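Listed below, chain by chain, are the residues.
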Amino acid sequence: MSFSTRLHREGIGWALPVLVIAGWEAASRAGVMPANVLPAPSAVAEAFWRLTLSGELIRNIGVSTARALAGFAIGGSIGFALGLANGLSRLSRGLTDTTLQMIRNIPHLALIPLVILWFGIDEEAKLFLVALGVFFPIYVNTLLGIQSVDPQLVEMGRVYGMDRRALFFRVILPGALPAIFVGLRYALGIMWLTLIVAETISASSGLGYMAMQAREFLLIDVVVLSILIYALLGKLADSLARLLERLSLGWHPAFQNA
Amino acid sequence: MPAASLAAVRSFVATPPALPAEQFIERPRAFAFKGVGKNFGDKVVLDGIDLEVPVGQFVAVIGKSGCGKSTLLRLLAGLDRPTAGSLTFRAEEKRGGEEQDHSRTRFMFQEPRLLPWASVVKNVEVGLTGIASGTDARQRALDMLAEVGLADRADEWPSVLSGGQKQRVALARALVGHPRILALDEPLGALDALTRIEMQQLLERIWLAQKFTAVLVTHDVAEAVALADRVVVISAGKIALDLDVPVQRPRRRGSAELARLEGTILDRLFG
Ligand SMILES: Nc1ncnc2c1ncn2[C@@H]1O[C@H](COP(=O)(O)OP(=O)(O)OP(=O)(O)O)[C@@H](O)[C@H]1O
Ligand SMILES: [Mg+2]
């Protein structure tokens, strides 16, 4: 697909948000939308500019992103490792899967009171919640991916003399990759969601903290700005995951003419 | 019993001057089944199979669905172990004698079983696992692809190939490592009639050039007599008929000679 057609298609996706913002601005200017309910987009842009100049915005985005990534790295790598282990070894699956499925049924945000008791409002609390939230989608989809690898291909690999290592890297992992990507994208969504909630409840820096501070001082433009930035960060993470997916699943019929 | 039926069939079939079977009399055995049996639980699938195949012979195995043809082939390829009897292969020249080593046996499945995430040439390179790697492997894979007429598709994904082309890639993968024995489990079963004949000719051509020992399981009696030096019919877990196909190559499809052999086999299958 050429660059211009891609631009065209992406352009269509952006038409609606632009229209909504234009309507919103018009409604604010006409006084239909009171500024203490929802500030005009231009006011939000002004807040953006003010906080960028003061450096506050960049610092908070940095803090939140670092938290998100650290939590993701911890929860994601444990989930991936356990998914692999349980997909490859019956013994490991027998030992841990039932327990994990039981824990999975607890919404991880329900643990917030407990987590605050354990960790206070320190960094660990947020890392723990994000890691826990990210763990399950990665674990479940990695396991599912490995279990759904075509056994006929595995048998073929054996007949052609692949050792366990070759079998894993050339047959099992590539076969599980589409499902792993589903888990990854799902986990990225949960990562931001968890972080917003955790930062809103207990933090002394970060985007969620910035929003809560602004609420206390009735700076509604900053509150709206924080929400928009969360949305943009979420979209950015998802786009990165999609790009990675397109690059590594080029063989998949679903990506061949996408 | 196989010997008796063999004698009966030989007297029945008109014999041209050079019996292909006689070409093999002096050749060493590629492999031998000795009283091989296979049960799955209580179910007896194979029972006392004795089969000696000389090096370079093309054997076709025929039988009704569920008679144990795939099971026989899986034993040959080492995918399963026999529950009775033994299976021996000719050892490497330098060691001499016989051994129980499956590593030079290749298997071609009914489905192509190509890795969807590897390019066509990478799929062929799978056949060189443990034999060659790097640019050497790639070059050998490309040569083999040219052999099966797919040199220009080397860097495409398997998913864009037609069914027949996929099976040709699978054939290239099976043959690129120069196996001693090639086991083929109805590899052409899913192809349309014309592609089938094309593939049969391709298989015969490569077999004549590489001179491996071939064991082809098929449902198609015409295919068996067109390709094989010898046809083995399996019924009720035993070898019911072991028939030489003493017809010179290249064979003409639909000739009276082949048709007569076909009749003999069909009589045995349904008689
Ligand atoms: N792993 C297994 N466990 C139990 N039974 C099996 C197994 N594999 C094969 N069988 C049984 O052994 C018998 C022979 O199977 P096999 O696949 O060898 O038949 P086949 O001759 O290849 O048939 P077809 O022509 O339909 O492919 C069948 O009754 C089948 O159900
Ligand atoms: Mg079969």
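Residues numbered from 1 in each chain as written. Chains lettered and ligands numbered in written order. Predicted model: local features only at pLDDT ≥ 70, side-chain atom pairs only at ≥ 80, totals over all residues. Heavy atoms only, no water.

Labelled according to an unreviewed UniProt entry, chain B appears under the name ATP-binding cassette domain-containing protein, originating from Mesorhizobium qingshengii. Entered under Sequence similarities (unreviewed entry) in the UniProt record, the comment concerning chain B runs "Belongs to the ABC transporter superfamily." (UniProt positions renumbered as here; feature names shortened; annotations may be inferred.)

As annotated in an unreviewed UniProt entry, chain A is ABC transporter permease subunit from Mesorhizobium qingshengii. Word for word, the UniProt comment on chain A under Subcellular location (unreviewed entry) is "Cell membrane". Recorded in UniProt for chain A, the comment headed Sequence similarities (unreviewed entry) runs: "Belongs to the binding-protein-dependent transport system permease family."

### Comments concerning the packing of aromatic side chains
On inspection of all chains with the given rule, the structure shows eleven aromatic pairs over all chains. Seen from their ring centres, Trp118 of chain A and Phe119 of chain A are 6.2 Å apart, and the 90° between their planes marks the pair as edge-to-face. The class for Trp118 of chain A is exposed, based on a relative accessible area of 54%. The exposure class assigned to Phe119 of chain A is partly exposed, which follows from its relative accessible area of 25%. Look at Phe31 of chain B and Phe33 of chain B: their rings are 5.8 Å apart centre to centre, the planes differ by 75°, and that puts the pair in the edge-to-face class. In this structure Phe33 of chain B comes out as buried when scored by relative accessible area, which is 2%. Here the aromatic cluster, defined as three or more aromatic residues joined through ring pairs, consists of Trp118, Phe119 and Phe128 of chain A. The cationic tip of Lys211 of chain B hangs over the ring face of Trp207 of chain B; the distance from NZ or CZ to the ring centre is 4.2 Å. (Phe/Tyr/Trp six-rings, centres within 6.5 Å; stacked < 30°, edge-to-face > 60°. Buried < 20%, exposed > 50% of the residue type's maximum accessible area, 1.4 Å probe, protein only. Lys NZ or Arg CZ within 6 Å of the ring centre and 35° of its normal.)

### Concerning the pattern of salt bridges
Residues and elements named next belong to chain B. All chains considered together, the criterion is met by 22 salt bridges over all chains. Salt-bridge contacts for Lys122 lead to Glu125; the nearest nitrogen and oxygen are separated by 3.8 Å. Of this pair, Lys122 and Glu125 both sit in helix α4 (residues 120-125), three residues apart, which is roughly one turn of the helix. For Lys122, a relative accessible area of 42% corresponds to the partly exposed category. (Salt bridge = Lys/Arg side-chain N within 4 Å of Asp/Glu carboxyl O. Helix = DSSP H or I, 4+ residues; strand = E, 2+ residues; numbered from the N terminus.)

### What to know about the packing of helix α3 (residues 56-88) of chain A against helix α10 (residues 220-248) of chain A
Residues and elements named next belong to chain A. Orientation of α3 relative to α10, taken along the N-to-C sense of each, is 45°, at an axis distance of 12 Å. For the element pair α3 / α10, the angle class is oblique. Handedness of the α3/α10 crossing: right-handed. Contact residues: Leu57, Ile61 and Thr65 in α3; Leu225, Ile229 and Leu233 in α10. (Axes fitted to C-alpha atoms, helices over the stretch in contact; angles between N-to-C directions. Parallel < 35°, antiparallel > 145°, perpendicular 65-115°, else oblique. Left-handed = near helix turned anticlockwise from the far one by under 90°. Contact = heavy atoms within 4.5 Å.)

### Concerning the domain arrangement of chain A
Residue and element names in this part refer to chain A. Each assigned domain of chain A is listed here: domain 1 (1-33) and domain 2 (37-255). A straight line from the C-alpha centre of domain 1 to that of domain 2 covers 28 Å. Domain 1 puts seven residues into the contact, and the matching count from domain 2 is seven residues. Carbon and sulfur atoms make up 71% of the area that domain 1 and domain 2 hide from each other, which totals about 660 Å². Applying the counting rule to domain 1 against domain 2 returns zero salt bridges. Linking domain 1 to domain 2 there are two residue pairs in polar contact (both at pLDDT 80 or more). (Domains from an automatic or database assignment. Buried area = accessible area lost by both parts, 1.4 Å probe. Polar contact = N/O pair within 3.5 Å; in protein donor to acceptor, adjacent residues only side chain to side chain.)

### Quick notes on the UniProt feature "domain: ABC transmembrane type-1" (unreviewed entry) in chain A
Feature annotation in UniProt places "domain: ABC transmembrane type-1" (unreviewed entry) on residues 57-241 of chain A, given in this structure's numbering. Structurally, residues 57-241 of chain A comprises 86% helix and 0% strand, and the distance from its first C-alpha atom to its last is 25 Å.

### Focus: the interface of chain A and chain B
Each side of the interface is counted separately: chain A has 16 residues, and chain B has 21 residues. Here chain A and chain B share an interface that buries about 1800 Å² over both sides, 63% of which is from carbon and sulfur atoms. Together, Val159, Tyr160 and Trp251 of chain A form the three largest contributors to the area buried by chain A at its contact with chain B, with a combined 40%. In this structure, the connection of chain A to chain B is made through seven residue pairs in polar contact (both at pLDDT 80 or more). Broken down by element, the residue count for the side of chain A that touches chain B peaks at five residues, all from helix α7 (residues 151-159) of chain A. Across the side of chain A that touches chain B, the residue classes tally to nine nonpolar, five polar and two charged. (Nonpolar A, V, L, I, M, F, W, Y, C, P; charged D, E, K, R; others polar.)

### Some words on a nonpolar patch on the surface
Residues and elements named next belong to chain A. Taken together, Leu236, Leu240, Leu243 and Leu247 make up a surface patch of nonpolar side chains, about 420 Å² in accessible area. Mapped onto the elements of the fold, Leu236 is located in helix α10. When its relative accessible area of 51% is taken as the criterion, Leu236 is described as exposed. (Patch = residues over 30% accessible without salt bridge, like charges linked within 9 Å, V, L, I, M, F, W, Y side chains within 5 Å. Areas by Shrake-Rupley, 256 points an atom, 1.4 Å probe, with all protein chains shown as cover.)

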